[in-house]
Amino acid sequence: MRSAAVVPIVTVDGPSGSGKGTVSRALAKRLGWHLLDSGALYRVTALAAQRAGVDLGNEAEVARVAASLDVQFSEGEQERVLLAGDDVTHELRTEQCGEAASKVAAMPAVRRALLDRQRAFAVPPGLVADGRDMGTGVFPDALLKVFLTASPEERARRRYKQLIEKGIDVNLHDLSREIAQRDERDANRPVAPLAPAADARIIDSTRMSPEEVTERILQWLREAGVMTG
Ligand code: DC
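Residues numbered from 1 in each chain as written. Predicted model: local features only at pLDDT ≥ 70, side-chain atom pairs only at ≥ 80, totals over all residues. Heavy atoms only, no water.

### A short note on the sheet that holds strand E1 (residues 9-13)
Across the sheet, five strands lie side by side as E2-E6-E1-E7-E8; this open sheet has parallel pairing. One side of each edge strand has no neighbouring strand; the edge strands of this open sheet are strand E2 (34-37) and strand E8 (201-204). Pairwise comparison of adjacent strand axes, ignoring direction, gives a mean angle of 20 degrees for this sheet. The strands that helix H1 (residues 20-31) touches are E1, E2, strand E6 (127-131) and strand E7 (144-149); relative to E6, the one it contacts most, it runs at about 175 degrees. (Pairing = 2+ DSSP bridges. Helix = DSSP H or I, 4+ residues; strand = E, 2+ residues; numbered from the N terminus. Axes fitted to C-alpha atoms, helices over the stretch in contact; angles between N-to-C directions. Contact = heavy atoms within 4.5 Å.)

### Concerning the pattern of salt bridges
Evaluated as defined, the whole model comprises 21 salt bridges. Between Glu 215 and Arg 30 there is a salt bridge whose closest N-O contact spans 3.7 Å. Here the residue Glu 215 occupies a position in helix H10 (residues 210-223), and Arg 30 occupies one in helix H1, the gap between them amounting to 185 residues. Judged by relative accessible area, which is 33%, Glu 215 ranks as partly exposed. Here Asp 174 ties to Arg 177 by a salt bridge, and the two come within 3.3 Å at their closest N and O atoms. Pair noted here: Asp 174 and Arg 177 are both in helix H9 (residues 172-188), with a separation of three residues, about one helical turn. Overlapping salt bridges, with partners in common, bring together Arg 30, Glu 215 and Arg 222 in one network. (Salt bridge = Lys/Arg side-chain N within 4 Å of Asp/Glu carboxyl O. Buried < 20%, exposed > 50% of the residue type's maximum accessible area, 1.4 Å probe, protein only.)

### Some points on the site of the ligand
Around the ligand sit 17 residues in total, of which Arg 43, Arg 111, Arg 132, Asp 133 and Arg 189 are the nearest. Residue Ser 38 places a side-chain N or O atom 2.9 Å away from a nitrogen atom belonging to the ligand. Note that an oxygen atom of the ligand is positioned 2.8 Å from one of the side-chain N or O atoms of Arg 111. Listing elements by their share of the shell around the ligand, those giving two or more residues are helix H2 (38-51), helix H5 (95-105) and H9. (Near = heavy atom within 4 Å. Polar contact = N/O pair within 3.5 Å; in protein donor to acceptor, adjacent residues only side chain to side chain.)

### Re the side chain of Arg 155
Turning to its location among the elements, Arg 155 is positioned in helix H8 (residues 152-165). Polar contacts involving the side chain of Arg 155 include one to the main-chain carbonyl oxygen of Ala 150, which spans 3.0 Å. For Arg 155, the residues in contact, after removing those within four places along its chain, are Pro 15, Ser 16, Gly 17, Ser 18, Ala 150, Ile 179 and Asp 183.

### Remarks on helix H3 (residues 59-67)
Of all the positions in H3, only Val 62, Ala 63, Val 65 and Ala 66 are classed as buried. Summarising the axial view, the buried residues of H3 lie within an arc of 155 degrees, below the 170-degree limit, and thus occupy one face. In H3, the exposed positions angled more than 90 degrees off the buried face are occupied by Arg 64 and Ala 67. (Arc of directions from axis to C-beta.)

### Things to note about the side chain of Lys 145
The topology assignment puts Lys 145 in strand E7. A polar atom in the side chain of Lys 145 sits 3.0 Å from the backbone oxygen of Gly 135. There is a polar contact of 3.2 Å between the side chain of Lys 145 and the side chain of Asp 199. When residues no more than four places from it in sequence are discounted, the contact partners of Lys 145 are Thr 11, Gly 135, Phe 139, Pro 140, Ala 197, Asp 199, Ala 200 and Arg 201.

### Describing the sheet that holds strand E3 (residues 71-74)
To summarise the sheet geometry, strands pair through backbone hydrogen bonds and adopt either a parallel or an antiparallel arrangement. Within the open sheet, the three strands sit side by side as E3-E4-E5. Their pairing is antiparallel. The strands lining the two open edges of the sheet, one partner per strand, are E3 and strand E5 (86-87). Pairing between strand E4 (residues 80-83) and E5: two bridges, direction antiparallel. Note on E5: the bridge partner recorded for Leu 83 is Asp 86. Contacting E3, E4 and E5, H2 runs over the sheet at an angle of about 30 degrees to E4.

In short, shape yes, function no, at least from these values alone.
Next up, the structure:
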């Protein structure tokens, strides 16, 4: 008989600026569960490839980089990402890195190379997994799948605010255009396109605060009998 209980997983997928990062972080904190920021893995892969002088168009080489990533995520108040011991937290958040991540994320070999690493985050007491294909590809048996959306204008506005607060200089007009292009690439790529799982619950957060979205998800978990602390 299998005695190990299945690790409860909540997946939060959606486009850039939908608020999934903020909501996933808040959920993980409230539940006392682990957090997987899968976008950061694609960003780290792109950065590691660039640092190694690998051409981002060379799928096999980028996949090799993804498979052998020396990356550490620290949880808690001071979330940090270390690449080969080097703190790359800030660099990962730049639009340039997001752009490069979107390119490598479209490569099937890269996605395959990162699959086990993502699944390894599913350890007790539970996991909140944030990304684009968490509910459709990586954790198809998740307890609860959420797909978060917001209007393109609102998403651009949120990203703008976030980046400016982090001291990253951007222009709202350029950002809107870049977000639209990235959405297009993420939604139309042949491998793991951004789309809600058939059994996902969809939340349009255009007129909702992150707290309201988090509370709605916690309510669904309570209804499912999961202790939400
Ligand atoms: O969420 P983010 O902006 O950090 O993601 C960076 C890029 O990685 C984005 O273009 C989409 C891609 N991505 C993906 O394809 N699959 C995921 N699970 C997470 C991110």
